[in-house]
Amino acid sequence: MLQRRFLCSKVYKKPHHHQWTIKQVTKSNFTESLEEITNHIHDCDFVAVSLQKTGSYSAPWHRVLPVDTHETAYFKAKYAAERFQVLQFAVCPFSIRASKVIAHPYNFHLFPRDELKIGMPSYSFSCQSSYLSSMAREGFDFNVCIYNGISYLSRAQESAAKDRIGNAVTSTYVVQSSSTLSVADSLFVERIKSRVRHWRNACKDSTTRTDEALIRSLRKLVLGSEEYESRPCLSIEVCSERQVHLALEMLREFYDDLVPLLIPAKGGGTQAVRVVLTNSKEDKNLFERELQHMEEKQNRRARGFREVIDSISASQKPVVAHNSLDDFTFIHSKFLTPLPPSKDEFKCSLRMVFPHVLDVNHLMKEIGPLKKVTNLPTAISFIKRRFFVPIDLEIPQQAEANESEIHGHNVLRISQLFAKLCSLLKVTPEALEDDSGHLCSALEGYANIFNPCSTSSQDPIDGDVTVWMDDTRKVCSGDLVFLWGFRRGVSARMLKNQLSGSHEVFSEEFDVQLMDKSCAIVIFWNPGLAESFLEAMDSGGISCEPLKEMISEGLRAAGYDIYNKVCRLGLWKADLADSLDKALADTDSLSEAHSKEPSEIYWDTVSMINL
């Protein structure tokens, strides 16, 4: 027998600093865990979430960078969410009581598969090697993930799957008295009424039960009778929703022992109305309960892990995350519906499901030294050394400790860090003020802010506390110019030296940073210089020899709007230069591309890619 151990990771792991144990949930214990976590979500004040993904970017410039506006950051997050996959989803319902965090952490192992055997949805996803290597070093068992991971369907996929499966569903129509019937309507109603009456009478006729098997089979064939869950049934073909309505109205008006079921068509709509005959009122009630149970079981099987997402949504509890833009684009894409084209639509759509999303990154920005700390261990370590915030973490009924206990530990860090930040900011973390679902005023200002964070929470962590210089400066996107076509291997300093004095705009203050090895960005600190430079490049009015020589060698330039167009159209080439070339090919002139209304950017030199 083939041994399935080729994807296992058995490596030495350093002992975990905190004796935290987190319940690991796979397909085998999902049902019992779902009931537990649903109760914990109902009783808690907050729900922390943390995702382990197969990647976040495919090229250096695909990362969210200081040059990105909120809109371009969303485009990048959207691309990552549609390209990569979630393999672990940690959920921690928690409450804060005085100086104690009472947490109930769960780590769900996920793997998308065709559970319903309907060829849908067809999953494929990308993997970033550094992410998989990091997971392997932590002892992640890929066999458990692939063979015992929990599958799921998004809300949109579940709706489409129901049509494809074609199972009969109970009617949800609210039958009202019809308006005046047309001739065609009257003929249809009389025809099916006659057919149903003859079929029902034949089924109830006791003399037919003693007939030979062949005669009974012939009678069923003639009447079109079948069986559904051991009960006689009859299918009525329909051609429109109007006919569905007329059939249901007729059945409920004349017969109280018939149960109508709708048979979905493959392409949507209703294919037929299946009529099931019951023996009595008690049998009818029993059958309707059986149908409801079967439908719920089928829905649970289709939803899979999304049951947890739906429980969090139904509770309306505030959700606490780290780098919420990254995590919630994944959540929206995998568990709700395809991501909308703009960030505003994304925020509106998400708010209908999760009304209160709190990001610890935005709380950290209120504490000066933590403004540029971007990973959880560093933030917690810094607070521990600089402030006295005695917050204890209590995990009631902890799972038995095992070698996989470190999986999902970030969700506990988020819970603890959130409590510490609330204490430092003098915020009383009462979840909701009233039953109407309004967040307490102290936290309301931090909710639903999906601003970009330049470093992913899953990027490699060096463990050292980094104190960065406070050199963040506000710059208008209209004062940025993208340059490419220069010689490969040129550093930002070398390129700045080549540009200095090559044109009158470069006699003023400016900076140069590399976006990747193919493209640089020039920051003009004085307004209007970028526009003048782009107009000169567009008109060919460059007379200075050093810059003229660079242009002859292939130097090109574009304004921020071209970069925004690259992100909006999804031109995610490996080199930014290739993406800009493709976007620029559809633009008449550089100055036209630069004429759109600019946005403000908070430029941070330290956060740029170090190549």
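Computed from a prediction, not measured in an experiment: that's the story for all the values here.

**Student:** Quick question: what am I supposed to make of the nonpolar core here?
**Tutor:** Grouped together as the largest cluster of nonpolar side chains are 71 residues, with contacts concentrated most on Phe-89, Phe-108, Phe-305, Phe-328, Phe-354 and Phe-482. The element that contributes the greatest number of residues to this core is helix H2 (residues 70-83), accounting for seven residues. Listed in part, the 40 residues of the second largest apolar core include Cys-92, Val-360, Cys-422 and Ala-447.

**Student:** Explanation requested: unusual backbone geometry in the structure shown.
**Tutor:** Residues other than glycine predominantly adopt negative phi, and peptide bonds predominantly adopt the trans conformation. The backbone of Ala-98 shows a phi angle near 55°, a positive value even though the residue is not glycine. Position of Ala-98 among the secondary structure elements: in the loop between strand E3 (86-97) and strand E4 (100-103). Owing to a relative accessible area of 77%, Ala-98 belongs among the exposed residues under this scheme. With a phi close to 60°, Lys-426 is a non-glycine residue in the positive phi region.

**Student:** What is the right way to read the pairing of strand E15 (residues 480-484) from this model?
**Tutor:** Most of E15 is tucked away: five of the five residues are buried. Burial along E15 is two-sided: Leu-480, Phe-482 and Trp-484 and Val-481 and Leu-483, pointing in opposite directions, are all buried. Bridge count between E15 and strand E17 (residues 519-524): five bridges; the pairing is antiparallel. Counted as the bridge partner of Val-481 is Val-522 from E17. By the bridge criterion, four bridges tie E15 to strand E18 (residues 556-559) in an arrangement that is antiparallel. Directly across from Val-481, in E18, lies its bridge partner Gly-559.

**Student:** Is there a simple way to explain the environment of Thr-278 in this structure?
**Tutor:** Relative to the helices and strands, Thr-278 is located in the loop between strand E10 (270-277) and helix H9 (281-303). By relative accessible area, which is 0% here, Thr-278 ends up buried. A C-alpha to C-alpha distance of 7.9 Å links Thr-278 and Pro-232, two positions 46 residues apart in sequence. The contact partners of Thr-278, leaving out residues within four places of it in the chain, are Lys-204, Arg-231, Asp-257, Val-259, Asp-283, Lys-284 and Phe-287. A distance of 2.8 Å separates the side chain of Thr-278 from the backbone oxygen of Asp-257, its partner in a polar contact.

**Student:** Is there a simple way to explain the packing of H2 against helix H20 (residues 560-569) in this structure?
**Tutor:** Angle between the axes and distance between the axes: these two values describe a pair of packed helices. One can describe the packing of H2 onto H20 by two numbers: an axis separation of 9 Å at closest approach and a directional angle of 30°. Between H2 and H20, the interaxial angle falls into the category roughly parallel. Considering the relative orientation of H2 and H20, their crossing is left-handed. For the pair formed by H2 and H20, the contact residues are Thr-72, Phe-75 and Lys-76 on the first element and Tyr-560, Tyr-563, Asn-564, Cys-567 and Arg-568 on the second. Looking at the contact of H2 with H20 residue by residue, the class counts come to four nonpolar, two polar and two charged.

Rules used throughout
Residues numbered from 1 in each chain as written. Predicted model: local features only at pLDDT ≥ 70, side-chain atom pairs only at ≥ 80, totals over all residues. Heavy atoms only, no water. Core = buried A, V, L, I, M, F, W, Y, C linked by side-chain atoms within 4.5 Å. Buried < 20%, exposed > 50% of the residue type's maximum accessible area, 1.4 Å probe, protein only. Helix = DSSP H or I, 4+ residues; strand = E, 2+ residues; numbered from the N terminus. Pairing = 2+ DSSP bridges. Contact = heavy atoms within 4.5 Å. Polar contact = N/O pair within 3.5 Å; in protein donor to acceptor, adjacent residues only side chain to side chain. Axes fitted to C-alpha atoms, helices over the stretch in contact; angles between N-to-C directions. Parallel < 35°, antiparallel > 145°, perpendicular 65-115°, else oblique. Left-handed = near helix turned anticlockwise from the far one by under 90°. Nonpolar A, V, L, I, M, F, W, Y, C, P; charged D, E, K, R; others polar.

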